[in-house]
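Architecture and fold: a report
Here are the chains, one letter per residue:
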Amino acid sequence: MIFNRDTRALKSELAIGEALHPGYGSLRESARQLSCSRRDFLRAAAGVALGGTLMSASPFVRGALAAKRRKIIVVTFGGGARDQETFASDGQENIPHMLQELAPQSSFFTQVVNHGILGHYVATASLATGVYETINNFAAIPPEHPTVFEYFRKSLKRPPSDTWVVAPSNGFNHIGESDARSYGQGWGAQVILPKHLLAAAMSGSGTDYGHLLRDNYETPLYAPQLVGSEFQLEQLESILKLSAEDFRTHAKTLSSPDELSLYVVRQLMRQQAPSLLWVTMHDIDIAHAGAYSLYIEGIRRTDRLCAELWKLIQSEPEYSGNTTLFILPDFGRDSDMDAGGNGFQHHRTGDPASRTTWMMALGTGVREGVVYDRPMQSTDLVPTLGAMMGFSPTLAQGRPVEELL
Amino acid sequence: MLPRDLKAEQFAGYPPEARKLVISYLATLQQLPLSFLPSLLREVIDYDYKFPAERRAIDRELASLGSLSQTQMKEWFQPFWQISLSSKLEEFNWVNQPTQFTEQLSAHLWSTHQLDAFRKAATEYGDRSRSAVPPEPPVISRLGIAIIGQGVASYDAPLFRNLREHGTYFERVKPDNGVDLLLKGIAARAQSHPVPYGHWYIEGGQIADHSPLLTCISYQALAPVRAALLRNVQAEIKRPGMGPEELRTYLAELSPASVGLDKSPDAVLNHFQLKLLTEGSGTQIFSTTFVQWAAREALQSAQPLSLLVRFGPRQRQRPMNELLSNNNSNPELDFTGSLIDADMGAYYNWINQQRLSGSEHSSFLVWFEGHSQALAIGPALARGTASSSVADLGELLSWVVA
């Protein structure tokens, strides 16, 4: 059994594992079974219908005028949540909002497969470019291929204020614009890192805010100090129209970094009303520290925050009635049964549970209460957004999800 | 350099037993692909510090590889030969730094989209290897015990949910002297079947009186070591050019003595404990994580006949920087969260125990400390049922291993 250990030991942050019960050839079958369990559960619990036959006659509103006002918000989870803690029967208690409020209004895709590198920054970059990026997951570097934000702004001639990213931590500050010089510079999204905003607003008064500055890393031992700067203070005042004092006061009422992110999103929506807004949640990734209860808390909080965001969309005049919301984890987490991993703690094995996740789309142009079983890839998101908003992501590798067009 | 160019003198830096072993199989190693060999050397280089069960497994695997014909060698390793490696990997000092090599190989496989092919090759190799060299059966049926919920006054949600289908749920257990009875139970097994590193006690809270026949590790006892390690990590993080990967390399090169883990003469156990803290994620800051990971690693490496694991309360979550700075000597504890962690940890202990040989005869017991709930799994116990029998932990243990 030495090789059990060898393959497991190839871990660094992205390790290789050996299946306890081999049957590797059934990887695709395993992914399909995961999707079926989600589908069956959704059908039973949320009363949704099976898609497939509902391909034609999309309700999506077309036309240049409508496209001009259309808004899209993408929420990704950095730190996937597995079926047994969400869509399987034992997990339903953790996602009451997604299950009872959002799923019945959504088109739900049960089988989103990520064939790329399972690290949060690189996977989020892949989601945002439509290409499986191979950049160093832990380096503060931009994606190599044009991002959806660049396609959107350049093709539709949108101003910088029309697309924003709200992201959790250090590496993500380069997610807004690629290193693809041939595509052109300066078309990216502006990025807000809420924890850095708060660090700047605190200006040395560290009391009472520690719970909002948690950084959950794929390597928990490496947690560099957060540093705020004048730039962040300017963002607060000029973009979010908040004084440092206001920001600090409100932050005191919040319980987690993702709650802080949602607060920033709310301000952005009210003050800038961007047409393309990308939010990456990260609380769930505390799982890497190995404490199951904290992982579950993260799932429950994320579930609640997604519902709050959906309500916010309904209540904001700039967004109500013309917004499509996408919610998807960047990937899953390791199965309990893969000897190469340690269950929920990591996403190192590359097994079907870690590669397969789901996507929920709801709002304008989306058929409600429908489940689609067919496999799609993480890289299909950008082409889908392009088809919906009217730009062409020429270098993206994925294909538009036809059920949403 | 490629494996075919290996020479005996290149292993001069290996510890004596490892060097002797690897040189005796040099001709075999020269035939292995680079995508495979460093993973094997990563195990061999630590041979001198491995538990007896691991040593025997390495011996048997090398003997098995040495007995393969040319045709079999080609058949076994063809998928590994098809893995494309970079010149940078070929030039790496993989003989003396196999751990660092495997980390770089891992990154290479992910970034070149060869991970799935490697995973398939590894799985097939594992199957062949197990088939050629079946794992040794245990001398007695294995027993795992998990004690969870230390310090929790009451908890209303259902426990043992993942395990219930596999065993019998007992709801009228007499909790008096439970920890003591269970420790005496495994001490008796250690007495009757004295196997080196065969009977373990892993403690997450305050260590209880126990037999010296048990191999014992404790989160609390390692407090000075954890503090030293975190101090070193904090200092390293502040150095220019330091990042997660550099930190990992630093941790991989630490010796037990460098964090004060050389007080005991047991070099094998010192080495094992160091790895728990340098390779584990969260083991340095959360006792529940430490205990679960220690049990996993003990099961995989020492393959114990008996393993009693007692989860203790972990500190409450705080910002990672605060947790790592370790500057609060009396942190607030999260009792309920720790019970939930431990409930899942017990499930993982059982899964990991079932990965070992003799699993069809193995037994497992999990008990909510101080309370009347327990769940027992064993060949003689019904699955997916509940029992209203009244018993103390000693009696329950006797039923489990019957």
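Residues numbered from 1 in each chain as written. Chains lettered and ligands numbered in written order. Predicted model: local features only at pLDDT ≥ 70, side-chain atom pairs only at ≥ 80, totals over all residues.

A tally of regular secondary structure across chain A gives 13 helices and 10 strands. In chain A, buried positions account for 63% of the 405 residues. (Helix = DSSP H or I, 4+ residues; strand = E, 2+ residues; numbered from the N terminus. Buried ≥ 20, exposed ≤ 12 C-beta atoms within 10 Å, placed from the backbone.)

Another aspect to go through is the overall build of chain B. Summing up its helical and strand segments, chain B has 16 helices and 12 strands in all. A compact globule built from 402 residues should have a C-alpha radius of gyration of about 21 Å, and chain B, at 23 Å, falls within 12% of that. Judged by the C-alpha coordinates and their principal axes, chain B covers about 65 × 50 × 40 Å. For chain B, the residues scored as buried account for 49% of the 402 residues in total. (Rg over C-alpha atoms; globule rule 2.2 N^0.38 Å.)

All right, on to the nonpolar core then. Formed by 214 residues in total, the largest nonpolar core has its most connected members in Tyr295 of chain A together with Leu365, Val366 and Ala374 of chain B. The dominant element in this core, judged by the number of residues it contributes, is helix 11 (residues 292-315) of chain A, at 10 residues. In this structure, this core is formed jointly by two domains, domain 1 (3-132) and domain 2 (143-400) of chain B, each of which donates at least three residues. In this view, Ala374 of chain B contacts Phe170, Val173, Leu365, Val366, Trp367, Phe368 and Leu396 of chain B; residues no more than four positions away in its chain are not counted. (Core = buried A, V, L, I, M, F, W, Y, C linked by C-beta atoms within 7 Å. Domains from an automatic or database assignment. Contact = placed C-beta atoms within 7 Å.)

Okay, the packing of helix 9 (residues 178-192) of chain B against helix 16 (residues 393-400) of chain B next. Any two packed helices are characterised by how steeply their axes cross, that is the angle between the axes, and by the distance between the axes. Residue and element names in this part refer to chain B. Contact pair helix 9 / helix 16: the axes reach a minimum separation of 8 Å and the direction vectors enclose 35°. The handedness of the crossing between helix 9 and helix 16 is right-handed. Mapping the contact onto sequence places Gly178, Leu181, Leu182 and Gly185 in helix 9 and Leu393, Gly394 and Leu397 in helix 16. (Axes fitted to C-alpha atoms, helices over the stretch in contact; angles between N-to-C directions. Left-handed = near helix turned anticlockwise from the far one by under 90°.)

All names here are of chain B. Under the domain assignment, chain B is made up of domain 1 (3-132) and domain 2 (143-400). Using only C-alpha atoms to locate each centre, domain 1 and domain 2 end up separated by 31 Å. Facing the 9 residues of domain 1 at the interface are 11 residues of domain 2. Residues that form the side of domain 1 that touches domain 2 fall into these classes: 4 nonpolar, 2 polar and 3 charged. (Nonpolar A, V, L, I, M, F, W, Y, C, P; charged D, E, K, R; others polar.)

All names here are of chain A. The geometry of helix 7 (residues 194-202) relative to helix 9 (residues 244-251) is characterised by a closest axis approach of 9 Å and an angle of 115° between their N-to-C directions. The interaxial crossing formed by helix 7 with helix 9 has left-handed handedness. Taken together, the residues of helix 9 that come into contact with helix 7 (itself represented by Leu197, Leu198, Ala201 and Met202) are Ala244, Phe247, Arg248 and Ala251.

Before going further, it helps to spend a moment on the environment of Gly66 of chain B. Residue and element names in this part refer to chain B. Inspection of the secondary structure assignment puts Gly66 in helix 4 (residues 52-66). The class of Gly66 is partly exposed, set by 13 C-beta atoms lying within 10 Å. Sequence separation between Gly66 and Val259 is 193 residues; the distance between their C-alpha atoms is 39 Å.

Turning to the confidence of the model for chain A, a few remarks are in order. All names here are of chain A. A residue-level look at chain A finds 76% of positions with pLDDT of 70 or above and a mean pLDDT of 82. Low pLDDT, under 50, characterises residues 1-27; the stretch is placed with 101 contacts to residues that sit more than four places away or in other chains. Low pLDDT, under 50, characterises residues 53-65; the stretch is placed with 12 contacts to residues that sit more than four places away or in other chains. (pLDDT = per-residue confidence, 0-100.)

Here we come to the sheet that holds strand 2 (residues 168-170) of chain B. Residue and element names in this part refer to chain B. Read across the sheet, 8 strands follow the order 5-4-6-1-9-10-2-11 without closing on themselves; strand pairing throughout is mixed. Of all the strands in the sheet, just strand 5 (215-218) and strand 11 (385-387) have a single pairing partner and so form its edges. Across this sheet, the average inter-strand angle for adjacent strands is 15°, counted without regard to direction. Here strand 2 runs beside strand 11; their pairing, made up of 3 bridges, is parallel. (Pairing = 2+ DSSP bridges.)

This next bit is on unusual backbone geometry. Where the residue is not glycine, phi is negative for most of them; where a peptide bond is considered, it is trans in most cases. All names here are of chain B. Although it is not a glycine, His113 adopts a positive phi angle of roughly 55°. Looking at the secondary structure, you find His113 in the loop between helix 7 (98-111) and helix 8 (115-132). A positive phi is found at Asn177, a non-glycine position, where the angle reads about 55°. Mapped onto the secondary structure, Asn177 falls in the loop between strand 3 (173-174) and helix 9.

Residues and elements named next belong to chain A. Most of strand 6 (residues 276-281) is tucked away, with 6 of its 6 residues classed as buried. Residue alternation in strand 6 divides its side chains into two sets, Leu276, Trp278 and Thr280 and Leu277, Val279 and Met281, and both sets are buried. Pairing analysis gives 6 bridges linking strand 2 (residues 71-77) to strand 6, with the strands arranged parallel. Bridging across to strand 6, Phe77 finds its partner in Met281.

Here we take up the pairing of strand 4 (residues 199-203) of chain B. Residues and elements named next belong to chain B. Among the 5 residues that make up strand 4, 5 are buried, leaving the element largely enclosed by the rest of the structure. Going residue by residue along strand 4, you find His199, Tyr201 and Glu203 tucked away on one face and Trp200 and Ile202 tucked away on the opposite face as well. As paired strands, strand 4 and strand 6 (residues 306-310) are joined by 5 bridges and run parallel to one another. Note on strand 6: the bridge partner recorded for Glu203 is Arg310. Pairing of strand 4 with strand 5 involves 4 bridges; the strand directions are parallel.

Within chain B, residue pLDDT values average 94, and 98% of them lie at 70 or more. For this predicted complex, the interface confidence score (ipTM) comes to 0.93, while the overall pTM stands at 0.90.

This part is about the environment of Lys7 of chain B. For Lys7 of chain B, the location among the structural elements is in the segment before helix 1 (16-24). Separated by 157 residues in the primary sequence, Lys7 of chain B and Arg164 of chain B place their C-alpha atoms 54 Å from one another.

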